[in-house]
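This is what each chain is made of:
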Amino acid sequence: MIELLPSILSADFARLGEEVAAAEKGGGTVIHVDVMDGHFVPNITLGPPVVKSLRKVTKLPLDCHLMIENADAFIPAFADAGADWVSVHYEACTHLHRSLELIAQHGMKPAVVLNPATRVDLLIDILPMVHHVLVMSVNPGFGGQKFIEFSLDKIRRLAELRQQLGLAFRIEVDGGVAHDTVARIFQAGADLLVAGNAVFGAGRPEQDVRALLAAAQQAANG
Ligand code: DX5
Ligand code: ZN
């Protein structure tokens, strides 16, 4: 099943409720929330208080992508705020297995994220623990960057491993998902497509979510 996850990073934060509602109306099924700390990535965004506010305006699952150091310390706060999915970076977690267990113990779906330069095969041992793997197809930190083409090989490798290992984790892609890349990304094997700039950048989230989903669907139908 193809799902489009609007990333609020590119939304107008003063009108966040309306922006989310419009993206949902267009067919967005999970809201992607980028949490940045200014250390792991060169940007700062938001934290549990904003997740708590979002929880009040939508019933859609909230997918919190933690681009932070010391994620373990914040996992309980994200659970209390109403997060549903929490992903942590392979590169930021010294004890990745412990972080994933902590997320699950707090009743949320655990996931791992890979930066563009990190090899997929490093995840083999922990793949049975994750709800999804998030492949970063740009270097994390900012919206509106250009899609890195070799991400398609990483998606294909993950799909192959999933089959070989008999697992059911989902494959999410984040960065540069747009009208001109969405078909190829879907064809490579991703089924959770995050889009920020392509959804909110032009100020018409409802129409753009619909158009992105239609392009992915068209690719699916061959
Ligand atoms: C970047 C974030 C993304 C961002 C993607 O670090 O993780 O979720 O919103 O933005 P676009 O879709 O604009 O590339
Ligand atoms: Zn993200």
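Here is a short report on the structure shown in this document. These numbers come from a predicted model, not from an experiment.

A few points about the overall build of the protein chain
Helices and strands together make up the secondary structure of the protein chain, namely eight helices and eight strands. Whereas a compact globule of 222 residues would reach a radius of gyration of roughly 17 Å, the protein chain reaches 16 Å, a difference of no more than 12%. Taking the principal axes of its C-alpha atoms as reference, the protein chain extends roughly 40 × 40 × 30 Å. Counting every position in the protein chain, which comprises 222 residues, the buried fraction comes to 52%. Here the protein chain displays about 9,700 Å² of accessible surface, and carbon together with sulfur accounts for 51% of that area. Distance from the positive charge centre (18 side chains) to the negative charge centre (25 side chains) of the protein chain: 4 Å.

A closer look at the site of ligand 1
Lining the immediate surroundings of ligand 1 are 20 residues, of which Ser7, Asp34, Gly141, Gly144 and Asp174 lie closest. Measuring from an oxygen atom of ligand 1, one finds a backbone N or O atom of Gly176 at 2.8 Å. Gly196 is positioned such that a nitrogen or oxygen atom in its backbone is 2.8 Å from an oxygen atom of ligand 1. Here ligand 1, which alone exposes 380 Å², has 99% of that area covered by the protein. Taken atom by atom, the bulk of ligand 1 overlaps the largest pocket. The set of elements that each furnish at least two residues to the shell around ligand 1 consists of strand 2 (31–36), strand 3 (62–67) and strand 8 (192–195). Taken together, the residues of the shell around ligand 1 break down into eight nonpolar, ten polar and two charged.

What about the environment of Leu114?
Structurally, Leu114 can be placed in strand 5 (residues 109–114). The exposure class of Leu114 is buried, given its relative accessible area of 0%. Each C-alpha atom of the pair Leu114 and Gly176 lies 15 Å from the other, and the pair is 62 residues apart in sequence. Leaving out residues up to four positions away in the same chain, Leu114 has contacts with Tyr90, Glu91, Arg119, Val120, Leu123, Leu134, Val135, Met136 and Lys154.

Some details on the coordination of the zinc ion (ligand 2)
A metal bound by six donors in octahedral fashion has ideal angles of 90 or 180 degrees, whereas one bound by four tetrahedral donors has an ideal angle of 109.5 degrees. All of the protein donors around the zinc ion (ligand 2) are His32 (NE2), Asp34 (OD), His65 (ND1) and Asp174 (OD); their distances to the metal are 2.1 to 2.3 Å. All donor residues of the zinc ion (ligand 2) come from one chain, and their arrangement in sequence is H-x1-D-x30-H-x108-D.

Some points on the pairing of strand 2
Where burial is concerned, most of strand 2 is hidden: six out of the six residues are buried. Alternating positions in strand 2 separate into two faces, Ile31, Val33 and Val35 on one and His32, Asp34 and Met36 on the other, with burial throughout. Each parallel crossover has a hand, and the one from strand 2 via helix 2 (residues 48–57) to strand 3 is right-handed.

What about the layout of surface pockets?
Reported here for the largest pocket is a volume of approximately 350 Å³. Lining the largest pocket are 30 residues, and of these Gly144, Gln145, Gly175, Gly176 and Val177 sit closest to its centre. For the lining of the largest pocket, the elements supplying multiple residues, two or more each, are strand 2, strand 8 and helix 7 (197–200). Broken down by class, the residue content of the lining of the largest pocket amounts to 13 nonpolar, eleven polar and six charged.

Conventions adopted
- Residues numbered from 1 in each chain as written.
- Chains lettered and ligands numbered in written order.
- Predicted model: local features only at pLDDT ≥ 70, side-chain atom pairs only at ≥ 80, totals over all residues.
- Heavy atoms only, no water.
- Helix = DSSP H or I, 4+ residues; strand = E, 2+ residues; numbered from the N terminus.
- Rg over C-alpha atoms; globule rule 2.2 N^0.38 Å.
- Buried < 20%, exposed > 50% of the residue type's maximum accessible area, 1.4 Å probe, protein only.
- Areas by Shrake-Rupley, 256 points an atom, 1.4 Å probe, with all protein chains shown as cover.
- Lys, Arg positive; Asp, Glu negative; His and termini not counted.
- Charge placed at Lys NZ, Arg CZ, Asp CG, Glu CD.
- Near = heavy atom within 4 Å.
- Polar contact = N/O pair within 3.5 Å; in protein donor to acceptor, adjacent residues only side chain to side chain.
- 1 Å grid on protein atoms, 1.4 Å probe; cavity = no way out; pocket = protein on both sides within 12 Å on 5 of 7 lines; lining within 4 Å.
- Sits in = over half its atoms within 2 Å of the grid points.
- Nonpolar A, V, L, I, M, F, W, Y, C, P; charged D, E, K, R; others polar.
- Contact = heavy atoms within 4.5 Å.
- Donors = N, O, S within 2.8 Å, 3.2 Å for Na, K, Ca; no water.
- Right-handed = clockwise from strand over helix to strand, strands pointing away.
- Points joined across faces, edges and corners; volume = space filled by probe spheres on them.

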